[in-house]
Amino acid sequence: MSGVAIAAIYLAAGQSRRMGTDKRALPWGDETLGAAGLKAALRSRLAPVIVVVPPDDALAWLPAELRDHENCRFARCADHCRGQAHSLACGLQVAIAEGADAAAVLLADQPFVTSETIEVLADLYRRHRPDYVAFTRFGTPMPPVIFGKRMFPSLLTLKGDAGGRALFGHPCWRGLLYEGDEIAGIDIDTKDDYEHAVTHQKEKEGRHRGRR
């Protein structure tokens, strides 16, 4: 079971329309919002970590140590404007070429996802080998999610913004759900989302310092 190859697909090609600015570059502690989730993926045992970005992305939102990380692959998606499904397909094609048995889909606007959460999902997949393992928040499946390669052909047929969640609950797929820390499932789409998330992060860091 330990030989199961799980790639990570880090979706970072969104247009940030609701935010009005590139949310990946927003400050997040000592780094950027987009760097936080990528750092968690690189700390996990998933390999490679495929970062899907627009074709002309200068990657200024990432520090050099992440851009140059030996486990990173950058997939430049020409169809990213057509929706998340097209970015997913772009990353999935790289995962297939790398010989992945499964692919974990992670979002660049979920900074509370930790490497520990990723590892829990990966361990569930390795032990049980379902078609997918999804994080849930209040019972709703959402990223991060790991898809087994039996689902790859169906994922590649998706269009628009449907993403992999369009396949959840279909009777032909056997899935496992992991109800983790609800904070991990938060994604940041608007300025209000961002402000609330920053406040929560500062409170979390304050509690952590208080326990030292």
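About the criteria used
Sequence order as written defines residue numbering, which begins from 1 separately in each chain. In keeping with the predicted nature of the model, local features appear solely for residues at pLDDT of at least 70, side-chain atom pairs appear and are counted solely at 80 or more, and the whole-chain, interface and lining totals rest on all residues. To get the side-chain values, take all heavy atoms of the structure and skip hydrogens and water. We count a stretch as a helix when DSSP gives it H or I for four or more residues in a row; a strand needs E for two or more, and each element gets its number in order from the N terminus. Categorising residues by exposure relies on relative accessible area from a 1.4 Å probe, with only protein chains included: less than 20% of the type maximum marks a residue as buried, more than 50% marks it as exposed, and the intermediate range marks it as partly exposed. Only heavy atoms enter the contact rule, under which two residues are in contact if any of them lie within 4.5 Å. Two N or O atoms count as a polar contact when they lie within 3.5 Å, although within protein this holds only if one can serve as hydrogen donor and the other as acceptor, and sequence-adjacent residues are included solely when both atoms are side-chain atoms. The pairing criterion for strands is at least two bridges between them, as found by DSSP. Convention adopted: a line fitted to C-alpha atoms gives each axis, helices being fitted over their contacting stretch, and angles between N-to-C directions are expressed from 0 to 180 degrees.

### Details of the side chain of S115
Piece 1. Locating S115 in the fold gives a position in helix α4 (residues 115–128).
Piece 2. Accessibility expressed as a relative area gives 13% for S115, which makes it buried.
Piece 3. Residues within four places of S115 in sequence aside, it is in contact with A40, R43 and S44.

### What about the side chain of S44?
Piece 1. With respect to the secondary-structure elements, S44 resides in the loop between α1 (33–43) and β4 (49–53).
Piece 2. Of the polar contacts made by the side chain of S44, one reaches the backbone oxygen of A41; its length is 2.6 Å.
Piece 3. A distance of 3.2 Å separates a polar atom in the side chain of S44 from the backbone nitrogen of L46.
Piece 4. Those residues in contact with S44 that lie beyond four places of it in its chain are S115, I118 and E119.

### Considerations on the sheet that holds strand β7 (residues 132–137)
Piece 1. Strand order in the open sheet made by the 7 strands is β5-β4-β1-β6-β8-β7-β9, with mixed pairing throughout. Of all strands in the sheet, those bounded by a partner on one side alone are β5 (72–76) and β9 (175–179). When the angles between neighbouring strand axes are averaged without regard to direction, this sheet yields 25°.
Piece 2. The sheet contact formed by strand β6 (residues 102–107) and strand β8 (residues 140–148) spans 4 bridges and is antiparallel. Within β8, the position partnered with A102 by the bridge is G148.

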